[in-house]
Amino acid sequence: MLIHDKIAAQLPAWRERVSRLVKNYGSYKVCDVTVEQIYGGIRDVQIQVTDISVVDPYEGVRLRGYTVPEVLQLLPKVPGAEYPLLGGLYYLLMVDELPTLEDALAVEAEWRTRNQIPAHVYNVLKTMPPDTHPMTLLSQGIMALQTNSVFSRYYSNGGAVKNDYWKAYLEDSLNLTACMPILAAFIYNLKYRNGDFIPPDPSLDWAANFAHMIGKDDPHYMDLCRLFFVIHADHEGGNVSAHTSHLVGSALSDTYLACAAGLNGLAGPLHGLANQECLRWLLKVREHFGGIPSKEQIAEFARAQLESGQLIPGYGHAVLRITDPRFSVQLDFAEKYCPDDELIVLVKRIYETLPDILKATGKVKNPYPNVDAINGALQYHYGVREFDFYTVLFGVSRVLGFTAHLVWARALGKPIERPKSLTTNMLEELVGLRPPADKG
Ligand code: HAX
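Residues numbered from 1 in each chain as written. Predicted model: local features only at pLDDT ≥ 70, side-chain atom pairs only at ≥ 80, totals over all residues. Heavy atoms only, no water.

**Structural notes on the site of the ligand**
In step 1: Taken together, 21 residues are adjacent to the ligand, and Ile312, Gly314, Tyr315, Lys363 and Lys365 come closest.
In step 2: Between the ligand and Gly272 there is a distance of 3.3 Å, counted from an oxygen atom to a backbone nitrogen or oxygen.
In step 3: Protein contact buries 75% of the 910 Å² of open area that the ligand shows by itself.
In step 4: Of the residues in the shell around the ligand, the class split is ten nonpolar, seven polar and four charged. (Near = heavy atom within 4 Å. Polar contact = N/O pair within 3.5 Å; in protein donor to acceptor, adjacent residues only side chain to side chain. Areas by Shrake-Rupley, 256 points an atom, 1.4 Å probe, with all protein chains shown as cover. Nonpolar A, V, L, I, M, F, W, Y, C, P; charged D, E, K, R; others polar.)

In C-alpha cells form, the structure reads like this:
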C-alpha cells in the first residue's frame, strides 16, 4: 500500500533523527512556564512535537511546510475541479511529499475499498432521540465503528510489537477516514432528509461524494466541499481537538477512540462549534436590521454586544494575529461564485468593520476573522441550512489531521503523556507567598 510503503521507507532516518536529539540534547531547555500561563490555559507553552503542520501567528497554518494558498495551488485536481483531491492532501499529511495526480487517485481508490460501515453503526444512530446534536451522533458513530479496530485486535491478541504499532494505526486510519463522508452523510440524511440514504458514487472523489450523498450534485458545491475539507484538515497539535486525540492516543487507545475524543473537543463553542454560532449570529444581525446593515449600524450592534459581555463568534484566535488565510481563501471562493449573496455581503461588511471595534476593546489579542467567520454563510448559500451540522463538516475533515498525527506518534514511539499538576499552595510556596510546607 502506497502510504504504508512511503512511511516505512522514511522511518529509519526519522527514528535516528529523534533519538539523536533526545540522546544528545535531552536536557536542553525549550521554554519556561509562567504562573500566568498555568492559569491561562497553558497558552503558548511548547509541550509537544509534530511535523504534520505548524501555525505561525502572522502567516497561518503550513501543512507539511506549505501555506494554505500553496496547498490549494499545488495539490492535484481532477479534470473540471478547481480545488484539490482530498486523497492528495492525505498523502501530503501522511507522507510529507507533494503527491502526483496518480498518488492522490491511489489514496482515493484505497478509500473506496475500505468504506463499508457495519449495520450496527447505523442502528446505534437510529435509536438516538431526533434532537440529538449531530456532533454527538458523529462521535457515537465513530465509537460504534471501533468494533472494527485493527489495532485493538492486534494488541489484545498479545505479542504486539511496539515498532509495528503504527501499521495497525494506519490500517485503522485509512478505514476510518474512508468511512467519514458516508457516516456524516448518513447523519445528515437521518436528521434532515427523513433518513433518505444515498449510496456513494464510486466515480466520485471523497469530497464530492459527500456532496452527492447529501443530495447536492452541484459541481460548485462539490468544489466547496473539496475546499472546506482541505482547509479544515489540520491546525498543528496544540488546539483542543488535535491535542485531545493525541493525548488519548498516547495511552494506546486506538484510532477510533482517540478520534472520537478529539471530536468531542471540537464540539465546544470556543472551538469547532463556532461555525454554527457564527452563522446564527449573522442571521441574528440580518434579522435585527431587517436586511444588510450599514457599517455604522454593525459597529453599534457589535459594541453593545461586547459591552454586555458576549463573544462575537468567528473573530479572534488563540495563536493567529492576522486574518486567517482559511477565511481569505473561502472569501475568494465566495467572490467568484456568490458575491451578491446577502449573507456573503454581510460577512464582507462585518470584516470591514469589526476588527477596529475589537481592537478598541484593548483586550482582544486577534481582532481578525478566523476560519469560522464565513464557512457557514457558504454552506447556507448552497442550501445546507441546518447549521448545527456545520461542525460535523469540520470533523469529517479534521479526522484526516488527527489520524496523520496518530500514525506518526506511534511510528516514532511516542510515550504516554503525563504532565504534572501543582496545588495552589505549591505555587504560593514557589513564588514566596507561603513558607515551605514542613514535610517532616
Ligand atoms: N468576541 C468578544 N471577546 C473576545 C473575542 C471575540 N470574538 N475574542 C477574544 N475575546 C476576549 C476574550 O474573551 C478575553 O476576554 P477576558 O479577558 O474578559 O476573558 C480577551 O478577549 C482576550 O482573549 P484572547 O487572548 O484574545 O483570546 P483567547 O486566546 O483567550 O481565545 C478564542 C481565543 C478563539 C477562544 C476567542 O477569540 C473567542 O472566543 N472567539 C470567538 C469564538 C470563535 O470564533 N472560536 C473559533 C476559533 C477558531 C477555531 O478554533 N475554530 O475551530
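**Focus on the nonpolar core**
One recurring pattern in soluble globular proteins is that nonpolar side chains are buried together.
In step 1: Residues Leu89, Phe210 and Phe229 are the most contacted members of the largest nonpolar core, which totals 126 residues.
In step 2: Sort the elements by how many residues they give to this core and helix H9 (residues 165–192) lands first, with 17 residues.
In step 3: Among all residues touching Phe229, those that are not within four sequence positions of it are Leu86, Leu89, Trp206, Ala207, Phe210, Leu393, Val396 and Ser397. (Core = buried A, V, L, I, M, F, W, Y, C linked by side-chain atoms within 4.5 Å. Buried < 20%, exposed > 50% of the residue type's maximum accessible area, 1.4 Å probe, protein only. Helix = DSSP H or I, 4+ residues; strand = E, 2+ residues; numbered from the N terminus. Contact = heavy atoms within 4.5 Å.)

**Comments concerning the side chain of Asp205**
In step 1: Mapped onto the secondary structure, Asp205 falls in the loop between H9 and helix H10 (206–213).
In step 2: According to the relative accessible area criterion, Asp205 is buried, its value standing at 8%.
In step 3: Side chain to side chain, Asp205 and Arg226 meet in a polar contact 2.8 Å long.
In step 4: Aside from chain neighbours lying at most four places away, what touches Asp205 is Val78, Leu85, Glu108 and Arg226.

**With respect to the environment of Asp340**
In step 1: With respect to the element layout, Asp340 can be found in the loop between helix H16 (325–337) and helix H17 (342–361).
In step 2: Along the sequence, Asp340 and Ala260 sit 80 residues apart, while their C-alpha atoms lie 38 Å from each other.

**With respect to unusual backbone geometry**
In step 1: Phi angles above zero are rare outside glycine, and Arg64 is one such case at about 45°.
In step 2: With respect to the helices and strands, the residue Arg64 is situated in the loop between strand S2 (60–63) and strand S3 (66–67).
In step 3: Arg64 sits in the buried class, given a relative accessible area of 8%.
In step 4: Although it is not a glycine, Leu252 adopts a positive phi angle of roughly 65°.
In step 5: Among the secondary structure elements, Leu252 is positioned in the loop between helix H12 (240–250) and helix H13 (255–266).
In step 6: Residue Leu252 is classed as partly exposed on the basis of its relative accessible area, which comes to 24%.

**Digging into the environment of Met135**
In step 1: Tracing the backbone shows Met135 in helix H7 (residues 134–145).
In step 2: On the basis of relative accessibility, which here comes to 3%, the residue Met135 falls in the buried class.
In step 3: As a C-alpha pair, Met135 and Ala207 span 72 residues in sequence and 19 Å in three-dimensional space.
In step 4: Aside from chain neighbours lying at most four places away, what touches Met135 is Leu263, Leu266, Ala267, Thr391 and Val392.

**Details of the packing of aromatic side chains**
In step 1: Scanning the entire structure with this criterion turns up 25 aromatic pairs.
In step 2: Judged by centre distance (6.2 Å) and plane angle (90°), the ring pair of Tyr192 and Phe389 falls under edge-to-face. Of this pair, Tyr192 sits in helix H9 while Phe389 sits in the loop between helix H18 (372–381) and helix H19 (390–411), and the two are 197 residues apart along the sequence.
In step 3: The exposure class of Tyr192 is partly exposed, given its relative accessible area of 23%.
In step 4: Residues Phe387 and Tyr390 carry aromatic rings whose centres are separated by 6.4 Å and whose planes lie at 50° to one another, so their mutual orientation is tilted.
In step 5: For Phe387, a relative accessible area of 18% translates into the label buried. (Phe/Tyr/Trp six-rings, centres within 6.5 Å; stacked < 30°, edge-to-face > 60°.)

**Description of the sheet that holds S2**
In step 1: Read across the sheet, three strands follow the order S1-S2-S3 without closing on themselves; strand pairing throughout is antiparallel. Each edge of the open sheet carries a strand with a single partner, namely strand S1 (53–56) and S3.
In step 2: Pairing analysis gives four bridges linking S1 to S2, with the strands arranged antiparallel. Bridged to Val54 within S2 is Arg62. (Pairing = 2+ DSSP bridges.)

**Some details on the pairing of S2**
In step 1: Hairpin connection between S1 and S2: a loop of three residues separates the two successive antiparallel strands.
In step 2: Pairing between S2 and S3: two bridges, direction antiparallel. The residue of S3 that forms the bridge with Leu63 is Tyr66.
In step 3: In this structure, the hairpin formed by S2 and S3 is closed by a connection of two residues, where Arg64 is found at a positive phi of approximately 45°.

**Looking at the packing of H12 against H13**
In step 1: Interhelical geometry of H12 versus H13 gives an angle of 150° and a closest axis separation of 7 Å. In terms of their interaxial angle, H12 and H13 are classed as roughly antiparallel. In this structure, the crossing between H12 and H13 has a hand that is right-handed. Where H12 abuts H13, its residues Val240, Ser241, Thr244, Ser245, Val248 and Gly249 lie against Leu257, Ala258, Cys259, Ala261, Gly262, Gly265 and Leu266.
In step 2: Tallied by class, residues from the contact of H12 with H13 come to seven nonpolar, six polar and no charged. (Axes fitted to C-alpha atoms, helices over the stretch in contact; angles between N-to-C directions. Parallel < 35°, antiparallel > 145°, perpendicular 65-115°, else oblique. Left-handed = near helix turned anticlockwise from the far one by under 90°.)

**Details of the state of the cysteines**
In step 1: This model, assessed by the stated rule, comprises zero disulfides.
In step 2: We note that Cys225 lacks a disulfide partner, and the nearest cysteine sulfur, in Cys338, lies 13 Å from it.
In step 3: Cys225 sits in the buried class, given a relative accessible area of 2%.
In step 4: Cysteine Cys259 is unpaired, with the sulfur of Cys179 as its nearest cysteine sulfur at 12 Å.
In step 5: A relative accessible area of 0% means that Cys259 is categorised as buried. (Disulfide = S-S within 2.5 Å.)

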